[in-house]
Amino acid sequence: MPAILNPSLLILHHHHHPRLSTAVLSLRHHLNFSLFSPSRTSFRAYSTSSSSLSIESSANQNVRTGRSGSVSSPPVEHDNAEKIDVNPPKGTRDFPPEDMRLRNWLFHNFREVSKQFGFEEVDFPVLESEALYIRKAGEEIRDQLYCFEDRGNRRVALRPELTPSLARLVIQKGKSVSLPLKWFAIGQCWRYERMTRGRRREHYQWNMDIIGVPDVMAEAELISSIITFFKRIGLTASDVGFKISSRKVLQEVLRCYSVPENMFGRVCIIIDKIGKIPMDDIRKDLQSADMSEVAIEELLQVLSLKSLAKLEEKLGASGEALSDLKQLFSLAEKYGYSEWLQFDASIVRGLAYYTGIVFEGFDREGKLRAICGGGRYDRLLSTFGGDDLPACGFGFGDAVIVELLKERGLLPQLNLQVENIVCSLDQELQGAASAVATILREKGQSVDLVLENKPLKWVFKRAARINARRLILVGNAEWQKGMVNVKTLSTGEQVEIKIDELE
């Protein structure tokens, strides 16, 4: 039997189908047929062998269908709906207006410094292929991925950092871009990790990267840009500093003790945990990386060094690591920021792709985790199938720096500021008030238009809350003359001004 779309046909059909007859009589008992119209309600008999009639209101026809095309039932509505948890997911944040103003201020400073140094802005998808982040076993970031299989059976992940995306884009562009590349990005990153002060499961990160420069001059320029940012927001060398080292220091020590080269990345990850886990655990982990007791003690001794002179005594003057470090500290003097830097051999950074100079920004009181970090990664592109290019860069999160500014009392006061508030004194003049607002906006001024008929007391409170500079009142008498009242709120001075002379 075909689907019955017209309720009147049900009456015609029910004489020939007893089962339908029962359904129709029941329906007529419960519903008033005067409510039925083709535009409001339809009826479908899905099977003549069914013991009951399936009736579907057109209001509920917009049901969900799966891939197979099967129809799913509409959600059951409850009179007393459960309240949702109004907090954001654990480790994430909302940005109400006052927090958004702070974020915009921070990002503005990131961008201004980047542009001062001649960098161009880029961006990448928040969602990337999982393969982009799975490099070497043991890397902490691998265990912190927000990853899943999408509906196309592809393994994807929310990006935990920006550098792999940058590398992917550099490979994609190939020879269509000229070197060196100076790119910066500000993007949201996701890591499922234990939360501490200044560490969340999502954060925004400022990255600056230089691709195509093999010389340590590139690292010196990047550190200079971070110091410029610190100075711009009120921080000095007495507040923050940089710990500098090189992955090549580790390589030279491991080479002396015949530690296999393929264990280098694993050793770096272990060393990066110094200060975070007990030293006994560090030693055990190093033993598991095929290091002898003698090699472990020698390595830990080198990592405790805090001066280049002591490092030279240990490794000799001819090593590449010492040469790079000496050049960087020499450049720091010429840039004028040597007081910000200190050598610390224990700094290796936890990511496997670093190959040379590495650095971390830290607060000198030692209350917070690293503010920023970076270094050289000359062999990253080949891990994704590209041709390697000399490269270095840094990542700078938004969370720790805000905590530091709070500690130092340097958070800016960022109140909402609107130049004008426009209000009509009569409901009939709302259109006139909107015309005044449009005139001022077209002249580049910000305007808060009062959208309802409010008493003046409310308007003045609103003006104070948004720090309005002027209050513009549209009254009937003045409007008839082509004028409005303009009150300068800081002085209380009030004048009538012709509408076409508003500035």
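Parameters at a glance
- Residues numbered from 1 in each chain as written.
- Predicted model: local features only at pLDDT ≥ 70, side-chain atom pairs only at ≥ 80, totals over all residues.
- Heavy atoms only, no water.
- Helix = DSSP H or I, 4+ residues; strand = E, 2+ residues; numbered from the N terminus.
- Buried < 20%, exposed > 50% of the residue type's maximum accessible area, 1.4 Å probe, protein only.
- Contact = heavy atoms within 4.5 Å.
- Areas by Shrake-Rupley, 256 points an atom, 1.4 Å probe, with all protein chains shown as cover.
- Phe/Tyr/Trp six-rings, centres within 6.5 Å; stacked < 30°, edge-to-face > 60°.
- Core = buried A, V, L, I, M, F, W, Y, C linked by side-chain atoms within 4.5 Å.
- Pairing = 2+ DSSP bridges.
- Axes fitted to C-alpha atoms, helices over the stretch in contact; angles between N-to-C directions.
- Salt bridge = Lys/Arg side-chain N within 4 Å of Asp/Glu carboxyl O.

Draft legend 1. Representation of the overall build of the chain. Regarding its fold elements, the chain presents 15 helices and 18 strands. Out of the 503 residues in the chain, the part that is buried amounts to 45%. Considering only contacts within the chain whose residues lie at least 6 apart along the sequence, 64% involve residues at least 24 apart. With an accessible surface of roughly 27200 Å², the chain has 49% of that area assigned to carbon and sulfur atoms.

Draft legend 2. Layout of the packing of aromatic side chains. In this structure the tally under the stated criterion is 20 aromatic pairs. Seen in terms of ring centroids, Phe-229 and Phe-230 are 6.2 Å apart; in terms of plane orientation they differ by 50°. Their pairing is tilted. Of the two residues examined, Phe-229 and Phe-230, each falls in the buried class. Between Phe-230 and Phe-242, the ring centres sit 6.1 Å apart and the planes meet at 45°, which makes this aromatic pair tilted. Here the residue Phe-230 occupies a position in helix H5 (residues 217–232), and Phe-242 occupies one in strand E9 (residues 240–246), the gap between them amounting to twelve residues. There is no split in this pair, since Phe-230 and Phe-242 are both buried. A connected cluster of aromatic rings, assembled from ring pairs, spans Phe-95, Phe-107, Phe-110, Tyr-204, Trp-206, Phe-229, Phe-230, Phe-242, Trp-340, Phe-359, Phe-394 and Phe-396.

Draft legend 3. Structural context of the nonpolar core. Within the largest apolar cluster, 79 residues are counted, with the highest numbers of intra-cluster contacts made by Phe-230, Phe-242, Phe-396 and Ile-401. Beyond its immediate stretch of four places on either side in the chain, Phe-396 contacts Phe-110, Tyr-204, Gln-205, Trp-206, Asn-207, Ile-226, Phe-229, Phe-230, Ile-371, Cys-372 and Ile-401. Counting residues in each nonpolar core, the second largest holds 22 residues, with Val-122, Ile-141, Ile-211 and Tyr-353 among its members.

Draft legend 4. Focus on the sheet that holds strand E7 (residues 181–190). Spatial ordering of the open sheet is given by E3-E7-E8-E13-E12-E11-E9-E10, a layout of eight strands whose pairing is mixed. Of all the strands in the sheet, the pair left with one neighbour each is strand E3 (120–121) and strand E10 (341–343). Two strands pair when backbone bridges link them, and strand E11 (residues 357–363) and strand E12 (residues 372–376) are joined in this way by four bridges, in the antiparallel orientation. Bridge assignment links Val-358 to a residue of E12, and that residue is Gly-375. Sitting on the sheet, helix H6 (residues 247–256) touches E9 and E11, and the angle it makes with E9 is about 35°.

Draft legend 5. Layout of the sheet that holds strand E14 (residues 420–424). Spatial ordering of the open sheet is given by E15-E14-E16-E17-E18, a layout of five strands whose pairing is mixed. Strands at the two margins of the open sheet, each flanked by one partner only, are strand E15 (447–449) and strand E18 (494–498). On average, adjacent strands in this sheet sit at an angle of 25° to one another, irrespective of strand direction. Pairing analysis gives four bridges linking strand E16 (residues 470–474) to strand E17 (residues 483–488), with the strands arranged antiparallel. Bridging from a neighbouring strand, Leu-471 pairs with Lys-487 of E17. Packed onto the sheet, helix H13 (residues 430–442) meets E14, E15, E16 and E17 and runs at close to 170° relative to E15. Against the sheet, helix H14 (residues 456–465) touches E14, E15, E16 and E17, its axis set at about 170° to E14.

Draft legend 6. Region of interest: the pattern of salt bridges. Applying the stated criterion across every chain yields a total of 25 salt bridges. Here Arg-155 makes a salt bridge to Glu-130, at a shortest N to O gap of 3.2 Å. Of this pair, Arg-155 sits in strand E6 (residues 155–158) while Glu-130 sits in the loop between strand E4 (127–129) and strand E5 (146–149), placing them 25 residues apart in sequence. Residue classification places Arg-155 among the partly exposed positions, given a relative accessible area of 38%. A salt bridge links Glu-297 to Arg-283; the shortest N-O distance between them is 3.1 Å. Placement of Glu-297 in helix H9 (residues 293–303) and of Arg-283 in helix H8 (residues 279–288) is noted, with a sequence separation of 14 residues between them. Relative accessible area serves as the criterion here: at 27%, Arg-283 is assigned to the partly exposed category.

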